[in-house]
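In case you want the letters, here they are:
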Amino acid sequence: MRFNHFPSYVNKIIASLATAMLLLSLAGCSRESSVTKSGFYFDTIIQITLYDHRQESLIDDCLAMAAEYESLLSRTIDDSEISRINEAGGAWVSVSHKTLDVLKKALFWCEETDGAFDITLGAVSDLWDIKNNPGTLPSPEALSQALAATGYEQLSIEDTQVALTNPDARLDLGAISKGWIADCMKEYLNQQGVTEGLINLGGNVLVLGPKPDGRTYKVGIQKPFSQDGSVLMSVDITDGTVVTSGIYQRYFELEGRIYHHILDPDTGYPFQNGLLSVTVLCPRSADGDGLSTACFALGTEDGLALIESIPGTEAVFITEDYEIITSSGMGTTVPYEIY
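The following refers to the structure shown.

Here we take up the packing of helix α2 (residues 56-73) against helix α4 (residues 97-112). Helices that pack against each other are described as a pair by the angle of their axes relative to one another and the distance between those axes. Orientation of α2 relative to α4, taken along the N-to-C sense of each, is 75 degrees, at an axis distance of 10 Å. Classified by the interaxial angle, the pair formed by α2 and α4 is roughly perpendicular. Residues Glu 68, Tyr 69, Leu 72 and Leu 73 of α2 form the contact with α4, whose own contacting residues are Lys 98, Thr 99 and Val 102. For the contact of α2 with α4, a count of residues per class yields four nonpolar, one polar and two charged.

Moving on to the sheet that holds strand β4 (residues 155-158). Spatially, β3-β5-β4 is the arrangement adopted by the three strands of the open sheet, whose pairing is antiparallel. Bordering the open sheet on either side are β3 (93-94) and β4, each of which pairs with just one other strand. Bridge count between β3 and strand β5 (residues 161-164): two bridges; the pairing is antiparallel. Of the residues in β5, the one forming a bridge with Val 93 is Val 162. Its contacts with the sheet put α4 on β4 and β5, and the angle it makes with β4 is roughly 130 degrees.

Below, the discussion takes up the pattern of salt bridges. As enumerated under the stated definition, the model contains 13 salt bridges in all. Linking Arg 75 and Asp 126 is a salt bridge whose minimum nitrogen-to-oxygen distance equals 2.5 Å. Highlighted residues: Arg 75 in the loop between α2 and α3 (81-86) and Asp 126 in helix α5 (residues 122-128), separated in sequence by 51 residues. Classification of Arg 75 by relative accessible area gives partly exposed; the value is 26%. When its relative accessible area of 45% is taken as the criterion, Asp 126 is described as partly exposed. A salt bridge links Lys 105 to Asp 287, with the nearest nitrogen and oxygen atoms 2.9 Å apart. Of this pair, Lys 105 sits in helix α4 while Asp 287 sits in helix α8 (residues 285-298), and the two are 182 residues apart along the sequence. Within this structure, Lys 37, Glu 56 and Asp 60 form a network of salt bridges that share partners.

Basis of the calculations
- Residues numbered from 1 in each chain as written.
- Predicted model: local features only at pLDDT ≥ 70, side-chain atom pairs only at ≥ 80, totals over all residues.
- Heavy atoms only, no water.
- Axes fitted to C-alpha atoms, helices over the stretch in contact; angles between N-to-C directions.
- Helix = DSSP H or I, 4+ residues; strand = E, 2+ residues; numbered from the N terminus.
- Parallel < 35°, antiparallel > 145°, perpendicular 65-115°, else oblique.
- Contact = heavy atoms within 4.5 Å.
- Nonpolar A, V, L, I, M, F, W, Y, C, P; charged D, E, K, R; others polar.
- Pairing = 2+ DSSP bridges.
- Salt bridge = Lys/Arg side-chain N within 4 Å of Asp/Glu carboxyl O.
- Buried < 20%, exposed > 50% of the residue type's maximum accessible area, 1.4 Å probe, protein only.

Here is the structure:
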């Protein structure tokens, strides 16, 4: 199968805006009363909508929160805490409680999925450099060397000290940081008395409560590789999150084959398992991040088994033939409709 090729950052922006447009078009509130602001952090668009224009300053606070977490967690910022850990040569590094909390959540999903979700693939990701890759493959020798340094067991935490026991290991929190930030934003807004609104961080959408008129939110799931960000289906959700991991978000094409950013911890190559995307619906966005990546890694059968074992969690798998496979609760607790 050959897909229309768009630069990865264009796909990401199109997908984010398309989802946001669907959400806002179905929001059921007057334009005069709502307020929406956007920013660009962690290489993605962040868009926040609240239904009372007097709450605009709270959105500014949330965007400031995104900037702070980016300065702590981004491995592409030289003085971030994650970069300091990566460059410490295996020595202990003192980090903030905020960074510790994210690392502990990430380790939880690493352990729960037996490494299907793994935050130590940074060195492998660097070799691929999917965002900027013009269409070249890493050498087998370099890939083998990078893989030798991976494994979430390499990460050690003692109090506020963090170290990578293999000095060549590299942390990459890109698969969970957006979800964590979305959860922090929602918690802050709830503390300020805000119970209605939506937070859109590219592939992570988190909603607060039902809409002002009491109805559920309808969140669009993008058709993979759609050039205009068209929606394949939608899901209804209240006070929860919808998180998608898909191969169309960052990729390049070489000799008719798609090379994407979701890497197999066993081989170092992008997964080739017949899936285009996995979308998870659950209460917390960080959990959705970990689960959507893990379920993609596990494949449809084992991924569905994992979802079915977690109460209050549902998932949508889209195969390379555009078949839609859903968990058992989707037909009852999370109604959906095909577009």
